[in-house]
Amino acid sequence: MSTSPQFTEASTTEVSQTYRTIAVVLALIVIMGLGYGLVDTAIKAGALFTE
């Protein structure tokens, strides 16, 4: 396979930046989900022990 001129370093950095952005967004979604689960569990545990 030969390297064509259309695949330059600029397109590689654009693709890399796109994947990095997607990874950050997915990581934030996972972190928010974990935080929600932790808060929800804490509220339920607090309600359980205060009754």
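So, here's what we can say about the structure. (Residues numbered from 1 in each chain as written. Predicted model: local features only at pLDDT ≥ 70, side-chain atom pairs only at ≥ 80, totals over all residues. Heavy atoms only, no water.)

Focus on the overall build of the protein
- Secondary structure assignment for the protein yields one helix and zero strands.
- Put simply, the protein has 51 residues, and 0% of those count as buried. (Helix = DSSP H or I, 4+ residues; strand = E, 2+ residues; numbered from the N terminus. Buried < 20%, exposed > 50% of the residue type's maximum accessible area, 1.4 Å probe, protein only.)

Observations concerning the pattern of salt bridges
- This structure, assessed with the given rule, holds one salt bridge.
- A salt bridge links lysine 44 to aspartate 40; its shortest N-O distance comes to 3.5 Å. Of this pair, lysine 44 and aspartate 40 both sit in helix α1 (residues 9-50), four residues apart, roughly one helical turn.
- On the basis of relative accessible area, lysine 44 is assigned to the exposed category, the value being 55%.
- According to the relative accessible area criterion, aspartate 40 is partly exposed, its value standing at 26%. (Salt bridge = Lys/Arg side-chain N within 4 Å of Asp/Glu carboxyl O.)

So, a nonpolar patch on the surface
- Residues Val15, Tyr19, Ile22, Val25, Leu26, Ile29 and Met32 make up a contiguous nonpolar surface patch of roughly 710 Å² in combined accessible area.
- Tyrosine 19 gets classed as exposed once you look at its relative accessible area, which sits at 58%. (Patch = residues over 30% accessible without salt bridge, like charges linked within 9 Å, V, L, I, M, F, W, Y side chains within 5 Å. Areas by Shrake-Rupley, 256 points an atom, 1.4 Å probe, with all protein chains shown as cover.)

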